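Below are the chains, spelled out letter by letter.
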Amino acid sequence: MARRWRRGGPGEWWDGHEGADSHWGSPPLVETATVALEGAPAAQSLYPAAWIDSSAQRFGRGRAAKGQPGCRQVLRPGVWQLIYWPCWGRDGSISAGAGRAEYVRLMFEEAGVPYEEVEDAEFVRDFFWRRCDELQPAPVLAPPAVHKDGFVLSQTAAIVRYLARKFGMMPDGGVEAEARADQLVETVHEMVAEARLAYHPDHQHRRPYRDQREAAEPYIRAFERSRLPRLLGHFERLLAHAGEHFVGGSFSYADVQVFALLRVAESQFPRAYAALDIPLLRAFLNRTARRPRIAAYLASDRSRPFAGDSFM
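Residues numbered from 1 in each chain as written. Predicted model: local features only at pLDDT ≥ 70, side-chain atom pairs only at ≥ 80, totals over all residues. Heavy atoms only, no water.

**Section: the pairing of strand S8 (residues 145-148)**
So, point 1. For strand S6 (residues 81-83) and S8, the ladder comprises 3 bridges, and the chain directions are antiparallel. Each residue of the ladder has a partner; that of Ile83, found in S8, is Ala145.
So, point 2. Sheet topology note: the S8/strand S9 (residues 151-154) ladder contains 4 bridges and is antiparallel. Of the residues in S9, the one forming a bridge with His147 is Val152.
So, point 3. Connecting S8 to the next strand, S9, in antiparallel fashion are 2 residues, including Asp149 with a positive phi near 50°. (Pairing = 2+ DSSP bridges. Helix = DSSP H or I, 4+ residues; strand = E, 2+ residues; numbered from the N terminus.)

Below you can see the structure in the form of structure tokens.
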């Protein structure tokens, strides 16, 4: 016996098994019936059901429709899964937006590797906090995380470095070039963390920006005046030294990470960004956005807006 699954659109059916190949940003598979397929082995999940709720927002591409049924969420074998907070809220407004997951998402997109989004808020809370000992194949701290075949990894810089090795996106030039790429990527994610703190100046750095706009304003303006030009100026110098690509003379994961950073910097600080003297970075941003797979991604509904409240 094999199971019949329904994808997101009406009338879209797919006969297969848990763990069959996913498609770009496809919605989760919702089990609707059990049917017999000639010669098909019994479908078995390697992992326990994670969460089910009839009022759940479905993870996957685009916005969740009000009142749509929830889905049984599992860590499925044979599929790259990107686990992160929902882009959209229940009311259709932007929630997490692209977030830190964008740095990971772009790795899959540039490599041409299929993946699926797992972005249900209740599942994320269960997986990382409430039921982490039960649900995690190995301990991980916080989203974003990637999962495949029982391997799970969090911490954005660690994820993208791992995927770069898996997908052949390390720079040419041996271990020294890889070390320079790692140095650059660490700087990217240090900048993300530093900018985020400007939007969350409360002592625990956890209250939503909307609840502390007035308190955050001087921190945001200070980052905009001082740290933004300092850090982007550093990337400009790196590119002036390296040439068309940041490390090794060819496009690598380091370029992907700087591209993601520049997009959010331009979105978050449009006036300050426009005033910076960074012609090489601007040319790099435009050039990278025209790469075929990245251009296709940016034009698709897989691409998410930035939330605008955490440098993400």
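**Quick word on the layout of surface pockets**
So, point 1. Estimates place the volume of the largest pocket at around 1200 Å³.
So, point 2. When residues of the lining of the largest pocket are assigned to their parent elements, the largest contribution, 4 residues, is made by helix H2 (residues 121-130).
So, point 3. Of the residues in the lining of the largest pocket, the class split is 15 nonpolar, 9 polar and 11 charged.
So, point 4. In this structure, the lining of the largest pocket is formed jointly by two domains, domain 1 (72-167) and domain 2 (174-290), each of which donates at least three residues.
So, point 5. As a volume, the second largest pocket reaches approximately 220 Å³. (1 Å grid on protein atoms, 1.4 Å probe; cavity = no way out; pocket = protein on both sides within 12 Å on 5 of 7 lines; lining within 4 Å. Points joined across faces, edges and corners; volume = space filled by probe spheres on them. Nonpolar A, V, L, I, M, F, W, Y, C, P; charged D, E, K, R; others polar. Domains from an automatic or database assignment.)

**So, the environment of Glu194**
So, point 1. Relative to the helices and strands, Glu194 is located in helix H5 (residues 174-199).
So, point 2. When the C-alpha positions of Glu194 and Phe311 are compared, they lie 9.2 Å apart, and in sequence the two are 117 residues distant.
So, point 3. When residues no more than four places from it in sequence are discounted, the contact partners of Glu194 are Phe223, Arg227 and Leu231. (Contact = heavy atoms within 4.5 Å.)

**A word on the environment of Glu109**
So, point 1. Within the element layout of this structure, Glu109 appears in helix H1 (residues 101-111).
So, point 2. For Glu109 and Arg293, which are 184 residues apart along the polypeptide, the C-alpha to C-alpha distance reads 6.3 Å.

**A few points about the packing of H1 against helix H7 (residues 253-268)**
So, point 1. Running from N to C, H1 and H7 cross one another at 130°; their axes reach a closest spacing of 9 Å. Judged by the inter-axis angle, H1 sits oblique to H7. The two elements H1 and H7 cross, and the hand of that crossing is right-handed. Contacts from Glu102, Tyr103, Leu106, Met107 and Glu110 of H1 reach H7 at Tyr253, Val256, Gln257, Phe259, Ala260, Leu261, Arg263 and Val264.
So, point 2. Partitioning the contact of H1 with H7 into residue classes produces 9 nonpolar, 1 polar and 3 charged. (Axes fitted to C-alpha atoms, helices over the stretch in contact; angles between N-to-C directions. Parallel < 35°, antiparallel > 145°, perpendicular 65-115°, else oblique. Left-handed = near helix turned anticlockwise from the far one by under 90°.)

Keep in mind these numbers describe shape, not what the thing actually does.
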